[in-house]
Amino acid sequence: MSPAAADSAAAETVYRPNRVPWIVGGVLLAGFLIGGLLVGGEEVPPPPPPVPNPPESARALSVSTNRERLVVVSPCAEPPRETARQAREGRAPTGATRVLLPEAAGDRTILVPHCQDERGVTASGTASAAVVAASGRQLPEVQGGGLSAGPIVAKSQVILPGGSAASIVVIPPCGTPDATQGRDQLLPLTSEQVVTAPSC
Amino acid sequence: MAAGLRMAVATGLVAVAGGCGGGSSTTAPAPPDPVQMVLQAPGVRTVVVPEQRNDLTVAVPPCSAADVDPESTRVPEGSNRTVVPKSTQEQTIAIPPCLEGERTGGGGTDTVLVTPGGGAGTQSAGEQSGQPQNQLLLPRNANIRLIIVPPCLVLTSSSYSGGPPSGITTTLPAAGGKTTVTAPACKLHVASSG
């Protein structure tokens, strides 16, 4: 190769446009476009089908308020026996829910939400809860049987009859969904001050 | 029925909000905690009751009487009355809102949610979900025997352009010589899309 030809080849090498950035940019652009289309498709999912039979998330307690009654919901993972012992002394363990129902005509319905498996029912982890209906008020029924208050659904009921002398009712929450298997339970008539609902 | 509808609407909003921004993970999400759903639902009013030396009656008027005069000490008929016994550790009472139309329809605040623990837990939960709560704080060992808490009224308006007064934390007075306190009314304006 002559020196002139070599200079010409070198100049061609130097001034030839670099296509690599254009190729990389094009691939990235195509990737963004395809990804955007896929993500955009996920943003509008089809509406979920209606739930005709919502899952159980609580148990119900029906209390006759022909006298003043104190309802104590045990903390999650706390033996109800310990809650009952403290309730007799006018105390309650940490994480228990205490509600005093004044004397009034009619019954009061309380939904006791189940404990969650890992996190507990509140931010504190082991705290219980109670949804208290107004005196004499009926909660809406759900398909398949049960009572609901918004997202909280009970499919079994514990009943404290009006003839009970108990002034304190201790009820432990259930631990797992469908723990009650839809069974209703009537608390025994007793002369004791404290009556404890059976565990699930 | 009215409370169930209200809770369903409110918690449905939370469920939809929680579903936004979901990733492409293939594992099934854990079922939502219904108690947290109620506490974080829009328009829910919470009352934080620290330990008291007296029994404290909490009366929640029905929707038809939610516009309570703050100077009044009379409990409206049909109110949901619950009592927090004295010496009870801090508890939070959550009151579902009244939707527009229930005021004239005579609906009632059928249910309240009671759970132990106080403002810190529920507030952080609300903040996490982007739904700050309308919260009432009661002083510890206040000399109050009765508190009347009207539920929040959720009003829809196509012309309203102001921001909703949500996320308010109100500390109720220790009542001085009074033993009854009525919480201020709560109205949330929501712009309708139609």
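Residues numbered from 1 in each chain as written. Chains lettered and ligands numbered in written order. Predicted model: local features only at pLDDT ≥ 70, side-chain atom pairs only at ≥ 80, totals over all residues.

## So, the overall build of chain A
And then number 1: Looking only at helices and strands, one finds three helices and 10 strands in chain A.
And then number 2: For chain A, the sequential pattern of α-helices and β-strands runs α-α-β-β-α-β-β-β-β-β-β-β-β.
And then number 3: Within the span of chain A, comprising 200 residues, buried residues form 40% of the whole.
And then number 4: Residue pairs at least 24 apart in sequence account for 76% of intrachain contacts in chain A once pairs closer than 6 positions are excluded. (Helix = DSSP H or I, 4+ residues; strand = E, 2+ residues; numbered from the N terminus. Buried ≥ 20, exposed ≤ 12 C-beta atoms within 10 Å, placed from the backbone. Contact = placed C-beta atoms within 7 Å.)

## So, the overall build of chain B
And then number 1: For chain B, the helix and strand inventory stands at four helices and 12 strands.
And then number 2: Taken across its 194 residues, chain B has 46% of its residues classed as buried.
And then number 3: Look at the contacts in chain B between residues 6 or more apart in sequence, and 84% of them connect residues 24 or more apart.

## What to know about the sheet that holds strand β5 (residues 98–99) of chain B
All names here are of chain B.
And then number 1: The sheet built from three strands is open, its strands ordered β5-β9-β12 with parallel pairing. Of all the strands in the sheet, the pair left with one neighbour each is β5 and β12 (187–191).
And then number 2: As paired strands, strand β9 (residues 153–157) and β12 are joined by five bridges and run parallel to one another. Looking at the pairing, Ser-157 lines up with Ala-191 of β12. (Pairing = 2+ DSSP bridges.)

## Quick look at the confidence of the model for chain A
And then number 1: Across chain A, the average pLDDT comes to 79, with 68% of residues at 70 or higher.
And then number 2: Here helix α1 (residues 3–15) of chain A is the element of chain A with the lowest mean pLDDT, 50, and strand β2 (residues 69–73) of chain A is the one with the highest, 97. (pLDDT = per-residue confidence, 0-100.)

## Quick look at the environment of Ile-110 of chain A
Residue and element names in this part refer to chain A.
And then number 1: With respect to the helices and strands, Ile-110 occurs in strand β4 (residues 107–113).
And then number 2: Taking the number of C-beta atoms within 10 Å as the measure of exposure, Ile-110 has 28 and is therefore buried.
And then number 3: In sequence terms Ile-110 and Gln-185 are 75 residues apart; their C-alpha atoms lie 14 Å from each other.
And then number 4: Aside from chain neighbours lying at most four places away, what touches Ile-110 is Leu-61, Val-63, Val-71, Ala-130, Val-131 and Val-132.

## Describing unusual backbone geometry
And then number 1: Its identity is not glycine, yet Ala-77 of chain A carries a phi of approximately 65°, on the positive side.
And then number 2: Positionally, Ala-77 of chain A belongs in the loop between β2 and α3 (80–88).
And then number 3: For Ala-77 of chain A, a count of 13 C-beta atoms within 10 Å puts it in the partly exposed group.
And then number 4: A positive phi angle, close to 50°, is found at Asn-141 of chain B, a residue other than glycine.
And then number 5: Among the secondary structure elements, Asn-141 of chain B is positioned in the loop between β7 (134–137) and β8 (146–148).

## Concerning the pairing of strand β3 (residues 80–84) of chain B
And then number 1: In terms of residue burial, β3 of chain B counts as a mostly covered element, since five of its five residues are buried.
And then number 2: Alternating positions in β3 of chain B separate into two faces, Asn-80, Thr-82 and Val-84 of chain B on one and Arg-81 and Val-83 of chain B on the other, with burial throughout.

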